[in-house]
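# Understanding the architecture of this molecule
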Amino acid sequence: MRVTPCQAALAATIALNLLLLYCAWRGPGGPPPSCRPPRGVPGVTVLLRDFEDFENDLAATARAFAALPVPVLVVAETPPYPPVPLPPGVRLLPLLPSPDRPPPRPELHVRTRHVALVPDGTRPLPGLLERMRDALEAGAGDARVVAAPVGPGPLRCLELRLEPRTWTARYGPAAPGACRAAEGTPVLLLRTRDLFALPFPLARPLPTAIFSQAALRGWGLRVLPAAFPAPRRPPLSPHGRWKAENLADGRRRRLMRDLGVKREVLADGRERWYGCGKETARCFGTVYARTPQYLLAGRWTPPCCLRALRETARHVTGVLEAAGVRYWLEGGSLLGAVRLGDIIPWDYDVDLGIYREDVAKCRWLAAAAAGDPVEDAEGFLWEKAAEGDFYRVHYSRSNRLHVDLWPFYPRGGVMTKDTWLGHPQDVEFPESFLQPRVPLPFAGFTAMAPNNARAFLELKFGPGAIENPEYPNPAVKRLGQD
Ligand code: ZN
Ligand code: MG
């Protein structure tokens, strides 16, 4: 059978339409891989992102890489000021949206399949970008990021685990093949589509941002020993160094906020904290239905908040003991003490019972009872709760992490009180549990607790309360629901 050119063209058109229809039909889940546009041209684009506006080496770094030649893009929130004379062909991509321009889409400006994130002050080593790319594509293990050092200092492989539930990033020595981060100054090479599939592809400091997001995805890191040269640069002026440190600190804080990290445990055991303190507000807002917002987000109490709660509990029990106020661990706090000697890792306050008749013995409680909130010598704020006949000691005036003090009084051998908040565990109990009270390790110190804590807890929470952990209000969210 003979086919005329016209018939052939018609057949080709129909086939193309069928293909397009197939691609479109796969719509909501995204087209199948074969229908995606080609993923860029072979090659590596250099992104210059980690630099300061002042005392930088941007022009020389850009010129050196542009001469390789490879495409070079300078990426910054706003154009560097004072302006940097960029060599011909090197473009600047501002990341901050501007009302008179289309939204910034840096990924649309990278046409190559691979991208290298190059720190300011780096010089190319011929062939090294290609070797990095080949190492990535050799597909050894789970490597999705390749690093090579800049300058004489080698890169040290570290393990990095992000633990979103506890808001923690944990570094440690890396077992062979378990490299997740690198200490030092690296050039990083990734597939362009991998980089721009990250929620924060260009957040600074770039290495920490990339390593953290890669670790969350189980992407491996391969470190090459060959180094990019770094010419000697004049040292920063003292003012420049001060500015650079301040800016770096601010960027690190913003990155940790974006990553949901409030505590970094470094490889040498040191810790860096990013959460709330005495001068800031509490990390979480008002708690509704006994279910703080972080629980709904699949997270537990931020470590800074647990730390502040422990500190407040230790302070309050110390003051009460010194004043001769009989107190005991109550509710969830007693449960935590019996279970693990600490605050339950998702709890948002500490509860203590006190003898109502002892209130007058403590000057801060007495002052709070008389009316206004009162700040003690260590900056803790004592107040009578607006919700009823109980007291609250806040970590500080601005940070409202608190210990609740529930005044009970004996009536016919039964401990009772006047304010009931309707929680299932909020019930009367025999005074014999307090005769005597017993010491119990809690939150890093020794607190007083009812004797026979197990019976006390089962009376309040029901049988099996110690063995079967549950969130405070399972009707809103259950443990194990994440
Ligand atoms: Zn906090
Ligand atoms: Mg509580």
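Residues numbered from 1 in each chain as written. Chains lettered and ligands numbered in written order. Predicted model: local features only at pLDDT ≥ 70, side-chain atom pairs only at ≥ 80, totals over all residues. Heavy atoms only, no water.

## Things to note about the overall build of the protein chain
Each helix and strand in the protein chain was counted, giving 11 helices and 22 strands. In terms of overall size, the protein chain is more extended than a compact globule, its C-alpha atoms giving a radius of gyration of 30 Å where 482 residues would be expected to give roughly 23 Å. For the protein chain, the spread of C-alpha atoms along the three principal axes comes to 105 × 75 × 50 Å. Put simply, the protein chain has 482 residues, and 48% of those count as buried. (Helix = DSSP H or I, 4+ residues; strand = E, 2+ residues; numbered from the N terminus. Rg over C-alpha atoms; globule rule 2.2 N^0.38 Å. Buried < 20%, exposed > 50% of the residue type's maximum accessible area, 1.4 Å probe, protein only.)

## Focus: the domain arrangement of the protein chain
Its domain assignment divides the protein chain into domain 1 (41-223) and domain 2 (293-461). Averaged C-alpha coordinates put domain 1 and domain 2 at centres separated by 50 Å. Tallying the contact residues gives 5 residues for domain 1 and 7 residues for domain 2. Between domain 1 and domain 2, a total of about 570 Å² is buried, with carbon and sulfur atoms accounting for 64% of that surface. Ranking the residues of domain 1 by area buried against domain 2 places P164, R165 and W167 at the top, with a combined share of 88%. Summed over the shared surface of domain 1 and domain 2, the number is 0 salt bridges. (Domains from an automatic or database assignment. Contact = heavy atoms within 4.5 Å. Buried area = accessible area lost by both parts, 1.4 Å probe. Salt bridge = Lys/Arg side-chain N within 4 Å of Asp/Glu carboxyl O.)

## Side note on the coordination of the zinc ion (ligand 1)
C276 (SG), C283 (SG), C304 (SG) and C305 (SG) make up the full set of protein donors to the zinc ion (ligand 1), lying at 2.1 to 2.4 Å. Geometry at the zinc ion (ligand 1) is tetrahedral, judged from the 4 donor atoms that bind it and their angles of 91 to 124 degrees at the metal. Within one chain, the residues donating to the zinc ion (ligand 1) are spaced in sequence as C-x6-C-x20-C-C. Of the two residues, C276 is situated in the loop between β12 (271-273) and α7 (293-296) and C304 in helix α8 (residues 303-323); the sequence distance between them amounts to 28 residues. The burial state of C276 is the same as that of C304; both residues are buried. (Donors = N, O, S within 2.8 Å, 3.2 Å for Na, K, Ca; no water. Tetrahedral: all angles 85-135°; square planar, octahedral: opposite > 155°, others 65-115°.)

## A word on the packing of helix α9 (residues 331-340) against helix α11 (residues 453-461)
When two helices pack together, their arrangement is given by the angle between their axes and by how far apart the axes lie. At a minimum axis distance of 10 Å, the contact between α9 and α11 shows a crossing angle of 140 degrees. Relative to α11, the element α9 lies oblique. Remark: the crossing between α9 and α11 carries left-handed chirality. Across the interface between the two elements, G331, G332, L334, L335 and V338 of α9 pack against A453, F456, L457 and F461 of α11. For the contact of α9 with α11, the per-class residue count stands at 7 nonpolar, 2 polar and no charged. (Axes fitted to C-alpha atoms, helices over the stretch in contact; angles between N-to-C directions. Parallel < 35°, antiparallel > 145°, perpendicular 65-115°, else oblique. Left-handed = near helix turned anticlockwise from the far one by under 90°. Nonpolar A, V, L, I, M, F, W, Y, C, P; charged D, E, K, R; others polar.)

## Some remarks on the state of the cysteines
Counted according to the given criterion, the structure contains 1 disulfide. Here C157 connects covalently by a disulfide to C179, the sulfurs 1.9 Å from one another. Between C157 and C179, the S-S torsion sits near -100 degrees, and that sign places the bridge as left-handed. Taken together, the residues C157 in strand β6 (residues 156-163) and C179 in the loop between β7 (168-173) and β8 (181-183) connect sequence positions 22 residues apart. (Disulfide = S-S within 2.5 Å.)

## Thoughts on the sheet that holds β12
Pairing is mixed in the open sheet, where 5 strands are placed in the order β8-β6-β7-β11-β12. Looking at which strands have only one partner, the edges of the open sheet turn out to be β8 and β12. Shown here is a sheet whose adjacent strand axes are inclined to one another by a mean of 25 degrees, direction ignored. One ladder, built from 3 bridges, connects β7 with strand β11 (residues 263-265); its direction is parallel. Of the residues in β11, the one forming a bridge with A169 is E264. Lying on the sheet, helix α5 (residues 206-216) is in contact with β6, β7 and β8; it crosses β6 at an angle near 60 degrees. (Pairing = 2+ DSSP bridges.)

## Quick word on the environment of L92
In this structure, L92 sits in strand β3 (residues 91-94). Taking the C-alpha atoms as reference points, L92 and D389, 297 residues apart in sequence, are found 63 Å from one another.

## Here's the deal with the coordination of the magnesium ion (ligand 2)
Distances from the magnesium ion (ligand 2) to its protein donors, namely D349 (OD) and D351 (OD), fall within the range 2.1 to 2.2 Å. The same class applies to D349 as to D351, namely buried.

## As for the packing of aromatic side chains
One pass over the full model with this rule turns up 14 aromatic pairs. Arranged with centres 5.7 Å apart and planes meeting at 75 degrees, the rings of W328 and Y355 form a pair that is edge-to-face. In this pair, W328 is assigned in strand β13 (residues 327-329) and Y355 in strand β14 (residues 350-355), connecting sequence segments 27 residues apart. Judged on exposure class, the residue W328 and its partner Y355 are both buried. Ring centres of F442 and F445 lie 6.0 Å apart, and the angle between their planes is 75 degrees; this geometry places the pair in the edge-to-face category. Across the pair, exposure class does not vary: F442 and F445 are buried alike. A network of ring pairs unites the aromatic residues W328, Y355, F408, F429, F433 and F456 as a single cluster. The positively charged end of R299 is found above the aromatic ring belonging to W167, 4.3 Å away from the centroid. (Phe/Tyr/Trp six-rings, centres within 6.5 Å; stacked < 30°, edge-to-face > 60°. Lys NZ or Arg CZ within 6 Å of the ring centre and 35° of its normal.)

## Digging into the pairing of β14
Put simply, side chains in a regular strand alternate between the two faces of the sheet. Judged by how many residues are buried, β14 sits mostly within the fold: 6 of 6 residues are covered. The alternating pattern of β14 places V350, L352 and I354 and D351, G353 and Y355 on opposite faces, both of which are buried. When β14 meets strand β18 (residues 402-411), the two strands line up parallel, connected through 6 bridges. Residue pairing in the sheet places D351 in a bridge with D404 of β18.

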